[in-house]
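# What the coordinates show
Next come the chains, spelled out residue by residue.
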Amino acid sequence: MSSRLTSSYLEPDPLLGMLTQSRDPTLPIESLILAIPIEIAISVGIGALVLAIAPQTSQRTVDRIWTDPGTSFLYGLLVYVLTIISVIALVITVIGLLVVIPGIFVFVIVVIVGNVLAVIAVGTAFAGESNYWLGLVIGAVVVALLSTVPVLGEILRFIITTTGLGAFALGFSK
């Protein structure tokens, strides 16, 4: 009986082996094959909605990204920093929580719209400056593919999103 107990402790646990095994190196490729079309579809869907609902605002924002990308990017950074400071300041107060939750929801929507408009701006570099619908599709593909590059993709995604956010926010400040 003693040998039975000892042997069961010495045998590897199959569940523990599965949990501690290194991941399959093909997994990221398989997940990218699925993630890229999903990202493209989401970008095109949201972009089509934005272009259909607010075509003039979309065009002005995309034009602003192309005419003044530096200011748009810096303004987007300012929006991020001010949002973080505002959220922290409001969370400290109990009453501020009533404002923070819907405010974060609105901020996320603004970031998504700004990102999609920046994706359109990227696409218009390939499709022509006035073809926003084709620019949306091309931009979605280009940005989705660029996002797959490990470090550079994240940096480019941040720059694109921040520039779009800034250009979109600048439209409301003027």
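So, here is what we can say about the structure in this document.

What counts as what
- Residues numbered from 1 in each chain as written.
- Predicted model: local features only at pLDDT ≥ 70, side-chain atom pairs only at ≥ 80, totals over all residues.
- Heavy atoms only, no water.
- Helix = DSSP H or I, 4+ residues; strand = E, 2+ residues; numbered from the N terminus.
- Buried < 20%, exposed > 50% of the residue type's maximum accessible area, 1.4 Å probe, protein only.
- Areas by Shrake-Rupley, 256 points an atom, 1.4 Å probe, with all protein chains shown as cover.
- Patch = residues over 30% accessible without salt bridge, like charges linked within 9 Å, V, L, I, M, F, W, Y side chains within 5 Å.
- Salt bridge = Lys/Arg side-chain N within 4 Å of Asp/Glu carboxyl O.
- Polar contact = N/O pair within 3.5 Å; in protein donor to acceptor, adjacent residues only side chain to side chain.
- Axes fitted to C-alpha atoms, helices over the stretch in contact; angles between N-to-C directions.
- Parallel < 35°, antiparallel > 145°, perpendicular 65-115°, else oblique.
- Contact = heavy atoms within 4.5 Å.
- Nonpolar A, V, L, I, M, F, W, Y, C, P; charged D, E, K, R; others polar.
- Expected span 1.5 Å × (residues − 1).
- Arc of directions from axis to C-beta.

Here the focus is the overall build of the protein. Of regular secondary structure, the protein possesses eight helices and zero strands. The secondary structure elements of the protein, listed N-terminal to C-terminal, are α-α-α-α-α-α-α-α. Relative to its 174 residues, the protein shows a buried fraction of 29%. For the protein, the computed accessible surface area is about 11200 Å², with 75% contributed by carbon and sulfur atoms.

Glancing now at a nonpolar patch on the surface. There is a patch of nonpolar side chains on the surface, built from L78, V81, L82 and I85 and spanning about 350 Å² of accessible area. The topology assignment puts L82 in helix α5 (residues 69–92). Note on L82: relative accessible area 44%, which makes it partly exposed.

Turning our attention to the pattern of salt bridges. This structure, assessed with the given rule, holds one salt bridge. E39 is the salt-bridge partner of R157, the closest N and O atoms lying 2.0 Å from each other. Residue R157 is found in helix α8 (residues 150–173), and its partner E39 is found in helix α3 (residues 27–53); the two are separated by 118 residues along the sequence. The exposure class of E39 is partly exposed, given its relative accessible area of 23%.

Once that is clear, we can look at the side chain of S72. Within the secondary structure layout, S72 lies in helix α5. A polar contact of 3.0 Å, which involves the side chain of S72, links it to the backbone oxygen of D68.

For the pair α5 and α8, the least separation of the axes is 6 Å and the interaxial angle reads 90 degrees. Of the possible angle classes, the one that applies to α5 and α8 is roughly perpendicular. Residues P69, T71, S72, F73, Y75, G76, L77, V79 and Y80 of α5 pack against F158, I159, T161, T162, T163, L165, G166, A167, A169, L170 and S173 of α8. Among the residues forming the contact of α5 with α8, the class breakdown is twelve nonpolar, eight polar and no charged.

The first and last C-alpha atoms of helix α4 (residues 55–67) sit 18 Å apart over 13 residues, in line with the 18 Å expected at 1.5 Å per residue. For α4, the full list of buried residues reads S58, T61, V62, R64 and I65. All buried residues of α4 fall inside an arc of 155 degrees around its axis, so they share one side. In α4, those exposed residues whose orientation departs by more than 90 degrees from the buried face are Q56 and T67.

Right, let's talk about the side chain of T163 for a bit. One can find T163 in helix α8. If sequence neighbours within four positions are ignored, T163 has contacts with I65, P69, S72 and F73.

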